[in-house]
Amino acid sequence: MSLLNNIKILDLTRFVAGPHCTLVLSDLGAEVLKIEKPIKGDDLRIIGPKLLDTSLWAAVLNRGKKSLSLDLKSKEGRRVILKLIKEADVIVENFRPGVMEKLKLDWKTIKKINNKIIMARISGYGQNNSPISRQAFDATIQAETGFMQISGKEKKPTMIGTVLLDYTTGLNTAIGILAALNKRNITGKGELIETSLVSSALSLSMGAVPDFFLNKKDFGKHGNSDRFSSPSNTYRAKDGFIHIMAGSDDRFLNLAIAMNKKALVNNILYKTPQARLRNQNKIDKIVETWTTKNSVQYLGKVLSNNSVPWGEVKTFSQFLKTKTAKKFLIDANIKKRKIKVPECAITVPSKKNVIKKDIPLIGQNNNEVLKKLGYSLSELIAYKKKNII
């Protein structure tokens with residue numbers, strides 16, 4: 001039996017944060033019904049490279065879900081969603097604040113229909129009562145929360161190379177839903193939970209918040225070097241680049257031994273973590289003088305033998321060819337074509353994972369879902385003609 005067996009989730013989300021949340025819950029065994037706009041579907045479906053007219057990004061995030069196309073603004077569509085809410089355990093949405101209220105699908109309304117349901121709301125800046133609610137995307141939140149000013153090395157703002165805040169918010173939402181389900185097991189009552197990209201950004205800021213208010217220090221750019229320890233940086237090797245983490249006293253000693261420079265640990269410039277941070281440029285030059293003379297393979301072997309953490313700098317394509325990456329990839333299906341996708345990042349060794357491989361087309365499960373709700377074939381045909389489904 002899966003961990004979330006018999007849990008039914010209504011997924012009203014689009015783009016990344018919400019779909020990533022429900023993908024995780026789906027992989028843990030929940031039945032996820034994705035509610036999409038008729039004809040166009042989720043906005044993510046048109047973004048990025050495609051196979052058989054299906055966006056690969058949307059394919060990764062919607063694998064294993066069912067799809068119901070539904071016009072929530074229509075009277076008939078509203079009747080359908082209200083019936084689905086009565087039977088659901090969880091409803092997840094990431095519209096702009098105020099949209100669910102306009103649809104008359106706010107928390108007060110929903111909990112009157114089903115007092116056991118968990119409602120999860122995802123936003124950019126948090127739920128508010130402002131008449132003008134801004135749209136938010138990962139990049140715009142990176143800009144506003146300072147993340148573009150902590151990434152990279154150049155003075156100009158630099159985005160993180162992926163939508164980290166979206167994915168983090170999706171995980172935070174999934175955690176909140178699981179906690180609310182646990183509470184419901186005790187009380188029998190549902191719960192409203194809220195997450196935002198801004199709060200996720202703050203949660204990822206290490207000690208920067210108290211450091212600013214206590215010491216007025218800004219959380220600025222630091223390149224690839226560690227902010228709090230040295231030597232911990234990316235160094236050029238004879239045939240590539242290697243990242244070495246040796247900031248603690250014991251690891252610095254091990255690195256010094258690996259470099260055949262044990263005397264460094266007694267040098268006043270490098271004797272303590274604080275001293276090494278003050279003299280970061282000097283110690284980095286010493287390390288790189290050693291690394292540039294040797295291959296990554298040799299460096300890796302010597303560092304491993306001396307218990308110094310390291311990693312070869314690879315392209316993403318190079319990483320995907322490794323045995324490590326292949327362990328965490330699975331096959332999925334777009335129609336009859338197979339594609340490789342990441343598997344669920346959570347494994348349960350005591351259970352044999354049931355892998356959900358199929359990627360739904362827009363409205364693929366319309367007939368199945370609506371017939372279970374009691375709708376006749378003639379009603380479905382009529383709804384289709386009116387673009388209600």
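Going by the structure above, here's the rest.
Here's a quick rundown of the structure. (Residues numbered from 1 in each chain as written. Predicted model: local features only at pLDDT ≥ 70, side-chain atom pairs only at ≥ 80, totals over all residues. Heavy atoms only, no water.)

**Some details on a positive patch on the surface**
Defined as follows: Patch construction takes residues with relative accessible area above 30% that form no salt bridge. Like charges are linked within 9 Å, and nonpolar side chains (Val, Leu, Ile, Met, Phe, Trp, Tyr) are linked within 5 Å. For every accessible area listed, the method is Shrake-Rupley and the probe measures 1.4 Å; residues are considered covered only by the protein chains on display. Basic side-chain nitrogens of Lys or Arg form a salt bridge, by our definition, when they fall within 4 Å of a carboxyl oxygen of Asp or Glu. Positive charges come from Lys and Arg alone, negative charges from Asp and Glu alone, with His and the N- and C-terminal ends not counted. One atom stands in for each charge, and that atom is NZ of Lys, CZ of Arg, CG of Asp or CD of Glu. For the purposes of this entry, the term helix denotes a DSSP run of H or I that reaches at least four residues, the term strand denotes a run of E that reaches at least two, and both are numbered from the N terminus.
On the surface, K75, R79, K83 and K86 cluster together into a patch of positive charge. Tracing the chain through its elements places K83 in helix α3 (residues 75–87).

**Topic: the pattern of salt bridges**
Quick reminder of the rule: Relative accessibility under 20% of the residue-type maximum defines a buried residue, over 50% an exposed one, and the middle range a partly exposed one, all with a 1.4 Å probe and only protein chains included.
What the rule picks out here adds up to 17 salt bridges. Between D11 and K65 there is a salt bridge, and its shortest N-O distance comes to 3.4 Å. Of the two residues, D11 sits in strand β1 (residues 8–11) while K65 sits in the loop between α2 (56–62) and β5 (66–69), which places them 54 residues apart along the sequence. Each member of the pair D11 and K65 is classed as buried. Here R14 makes a salt bridge to D43, at a shortest N to O gap of 3.3 Å. Taken together, the residues span a long stretch of sequence, with R14 in the loop between β1 and α1 (17–27) and D43 in the loop between β2 (31–36) and β3 (50–51) at a distance of 29 residues. D43 gets classed as partly exposed once you look at its relative accessible area, which sits at 21%. Through salt bridges with shared partners, one network takes in R14, K37 and D43.

**Re the nonpolar core**
Definition in use: Definition used in this section: a nonpolar core is a set of buried Ala, Val, Leu, Ile, Met, Phe, Trp, Tyr and Cys residues joined via side-chain atoms within 4.5 Å. Contacts are residue-level and defined by heavy atoms, with any inter-residue pair within 4.5 Å sufficient.
By size, the foremost hydrophobic cluster in this structure holds 29 residues, and its most contacted members are L10, L12, I35, L68, I81 and L84. Secondary structure elements with two or more residues in this core: β2, α3, α5 (107–113), α16 (366–372) and α17 (377–385). Examining the composition of this core, we find that four residues originate from one element, α3, more than from any other. When neighbours within four sequence positions are excluded, I35 is seen to be in contact with D11, L12, L68, L70, L72, I81 and L84.

**Points about the sheet that holds β2**
How we decide: For two strands to be treated as a pair, DSSP must find at least two bridges joining them. To get an axis, fit a line to the C-alpha atoms, keeping to the stretch in contact for a helix; angles then go from 0 to 180 degrees between the N-to-C directions.
Strand order in the open sheet formed by six strands is β5-β2-β1-β6-β7-β8, and the pairing between neighbours is parallel. The sheet is open, and its two borders are formed by β5 and β8 (191–196), each paired with just one other strand. Each neighbouring strand pair of the sheet contributes to a mean axis angle of 20°, computed without reference to strand direction. Alignment of strand β7 (residues 118–123) against β8, held across six bridges, turns out to be parallel. Pairing of I122 across the sheet is with T195, part of β8. Across the sheet, α1 lies against β1, β2, β6 (90–93) and β7, angled at about 165° from β1, the strand it touches most. In this fold α3 packs onto β1, β2, β5 and β6, with an angle of close to 145° to the strand it touches most, β1.

**With respect to the environment of I355**
As for its placement among the helices and strands, I355 is situated in the loop between β13 (337–342) and α16. Taking C-alpha positions, I355 is 7.3 Å from D27, a pair spaced 328 residues apart along the chain.

**A short note on a nonpolar patch on the surface**
A surface patch of nonpolar side chains, amounting to about 400 Å² of accessible area, comprises L202, V209, F212 and F213. Ranked by residues supplied to the nonpolar patch, first place goes to helix α9 (residues 208–215) with three residues. For V209, the location among the structural elements is in helix α9.

**Examining the pairing of β1**
Pairing analysis gives four bridges linking β1 to β2, with the strands arranged parallel. By the bridge assignment, K8 is partnered in β2 with E31. Note that β1 and β6 share three bridges and pair parallel. Bridge pairing links I9 to V90 in β6.

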